[in-house]
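One letter stands for each residue in the lines below.
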Amino acid sequence: MKYQFVSVPALGNKQNTFLNIRGKLSEYAVTCAFQIGTLDALVLLSDDLTKYDATFEQTVNKITDILNTLVKSDRTNGHVREYMLDYISNFQWNTMKYRTDKSLQETTATLNQDVSSIDTVMKTKLNAYSQNKNALQSLQRKETGNLSVRNLNGIVKKEHCVLNSEYLTTLFVAVLKQQWQQTYERISPMVVPRSSVKIAEDDEYGLFSVTLFKRVADEFSHKAREQRFLVRDFKWDEEALTQQKQELALVTETERDQHLELFRLARTNFGEVFSAWIHLKALRVFVESVLRYGLPPDFCSVSISPKPKHEKKVDDVLVAQYGRLGGVHGLAVRNEKEEEILDHELQTVNDSSYRPYVQFDLEFDTERT
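First, a word on scope: everything that follows refers to the structure included in this document. Note that the coordinates shown come from a computational prediction; the quantities given were computed from them, not determined experimentally.

About the thresholds
The residue numbers shown here count from 1 along each chain, following its written sequence. Residue-level local features of this predicted model are given only where pLDDT is at least 70; pairs of side-chain atoms are given and counted only at 80 or more, and the full residue set underlies all totals for whole chains, interfaces and linings. No hydrogens and no water enter the side-chain calculation; it runs on all heavy atoms of the structure. In the sections that follow, a salt bridge refers to a side-chain nitrogen of Lys or Arg positioned within 4 Å of a carboxyl oxygen of Asp or Glu. Only runs of H or I of at least four residues qualify as helices and only runs of E of at least two qualify as strands under DSSP, and these elements are numbered from the N terminus. Three labels apply to residues, based on accessible area from a 1.4 Å probe with only protein chains included: buried if under 20% of the type maximum, exposed if over 50%, partly exposed otherwise in between. A helix is expected to span 1.5 Å multiplied by its residue count minus one. The directions considered for the arc are those from the helix axis to the C-beta atoms. Note on contacts: a residue pair qualifies if any of its non-hydrogen atoms lie within 4.5 Å across the two residues. Whenever a nitrogen or oxygen atom comes within 3.5 Å of another N or O atom, the pair is scored as a polar contact, on the condition that within protein one atom can donate a hydrogen and the other can accept it, and that pairs from neighbouring residues in sequence are kept only if both atoms are in side chains. The pairing test for Phe, Tyr and Trp rings, Trp by its six-membered ring, is centres within 6.5 Å, and the orientation test on the planes gives stacked under 30 degrees, edge-to-face over 60, and tilted for anything in between. Residues enter patches when they are more than 30% accessible in relative terms and free of salt bridges; like-charged ones are connected within 9 Å and nonpolar ones (Val, Leu, Ile, Met, Phe, Trp, Tyr) within 5 Å. In this description, accessible areas are obtained by the Shrake-Rupley approach with a 1.4 Å probe, and a residue is regarded as covered only by the protein chains that are shown. At least two bridges found by DSSP between two strands are what make those strands a pair. The convention used is that axes are lines fitted to C-alpha atoms, helices contributing only their stretch in contact, and that angles between N-to-C directions extend from 0 to 180 degrees.

**Considering the pattern of salt bridges**
Next up, step 1: Under the defined criterion, the tally for this structure stands at 15 salt bridges.
Next up, step 2: With a shortest N-O distance of 3.5 Å, E311 and K2 are connected by a salt bridge. Residue E311 is located in helix α8 (residues 311-322), and its partner K2 is located in strand β1 (residues 2-9); the two are separated by 309 residues in the primary sequence.
Next up, step 3: Using a relative accessible area of 37% as the deciding quantity, one classes E311 as partly exposed.
Next up, step 4: The shortest N-O distance in the salt bridge between E201 and K198 comes to 3.3 Å.
Next up, step 5: Each of K2, E311 and D361 takes part in salt bridges that share partners, so that together they form one network.

This is the structure:
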């Protein structure tokens, strides 16, 4: 989706100028009046406006990415696109929120403050949600992963453990397809012979118990790792399984609540930030128009949405109509057939996006929505 915000001199009649542009582009684009309003003074904030424009775009994209992450829905994406199209097509300056009796500096500062505040809130909420989601995924892996990572509560039973012994302990080892039964007694001294029992197995690992003296437990674990046997960190606790299930339920519920809150917040704030972005575009059009065409303000501003594959035609029509405003680009179009472009004039073209009239583009990646 692409929009062009264009401003040309109105020559005292904005309505006629608008109808002229719309008529010439009717075959190639949808053209709407872009009602900016009158601001009290012009301040040269062009550099700041350019910087804020990029920042606002990044924030819009971030929130859109959040929506896409939270809800993979064509219906939701369609609503976002429809909102953007409708908002731009019917845009009018929001005099209730951004009062026209305020200076341009104040209006710009208000827009930037609004977007910065939303960006901060969204970052905080997203970080909290991401942390809890990661915690949930970690717990889920322990519930469903292989025996090298899976939580052993509920798998290891009380009868598998040597308990209340002054000298002996039981370790639990996740084993690949190695010859465990033939080797475990020789991994370290003081291993109880024939004490290993297979407790469980999955597609990758078998889980074995082994009984040995407590004093060699660390040595056994170290040497077992050298042979690619994974000694699991586990101690029998009758309440552990219940606590594990309670923790999983709590984290799952928290993730669900945060997911819903973040989605609602993103959906609301998308509209707020997008509105601020378009108001900033209006400020840029106003500032640049007065810089280009002078005071008092007398220009017609429109939003143009080129139809598919007609962007070049829209550009050609506008330049042909308003190339007289000056600039090498306009001169090039007027003299194209006569091929009378001078070399030194062509050498002054440093920016291929330059137009003899005011134009700022808004191009939104439809893949995001």
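**Considerations on helix α1 (residues 14-25)**
It helps to recall that an α-helix has 3.6 residues per turn; residues three or four apart then point in one direction.
Next up, step 1: For α1, with twelve residues, the first-to-last C-alpha span of 17 Å sits near the 16 Å given by 1.5 Å per residue.
Next up, step 2: Listing the buried residues of α1 in full gives T17, F18, I21 and L25. Down the axis of α1, the buried set is contained in an arc of 100 degrees. They therefore lie on one face.
Next up, step 3: In this structure, the buried side of α1 is in contact with β1, β2 (29-33), β7 (299-306) and α8.
Next up, step 4: Its side-chain oxygen placed 3.3 Å from the backbone nitrogen of Q15, N13 serves as the N-cap of α1.

**Let's talk about the packing of aromatic side chains**
Next up, step 1: Counted according to the given criterion, the structure contains 18 aromatic pairs.
Next up, step 2: Measuring from centroid to centroid gives 5.4 Å for W180 and Y184, while their planes differ by 20 degrees, and the two rings are stacked.
Next up, step 3: Accessibility expressed as a relative area gives 2% for Y184, which makes it buried.
Next up, step 4: Taken together, the ring pairs in this structure connect Y3, F5, F34, Y83, Y87, F91, F270, F274 and W277 into an aromatic cluster.

**A word on a nonpolar patch on the surface**
Next up, step 1: A cluster of nonpolar side chains, contributed by Y167, M190 and F213, occupies part of the molecular surface with about 280 Å² of accessible area.
Next up, step 2: With respect to the element layout, M190 can be found in the loop between α5 (180-183) and β4 (197-201).
Next up, step 3: With relative accessibility at 32%, the residue M190 sits in the partly exposed group.

**Things to note about unusual backbone geometry**
Next up, step 1: Although it is not a glycine, L11 adopts a positive phi angle of roughly 55 degrees.
Next up, step 2: When you line up the elements, L11 lands in the loop between β1 and α1.

**Side note on the sheet that holds strand β8 (residues 358-363)**
Next up, step 1: The strand order across the open sheet built from four strands is β2-β7-β1-β8, with neighbouring strands paired in antiparallel fashion. Every interior strand has two partners, whereas the edge strands, β2 and β8, have only one. The sheet shows a mean angle of 20 degrees between the axes of neighbouring strands, taken without regard to direction.
Next up, step 2: Strand contacts of α8: β1, β2 and β7, with the helix running at about 5 degrees to β1, the strand carrying the most contacts.

Function cannot be inferred from these measures alone, as they are strictly geometric.
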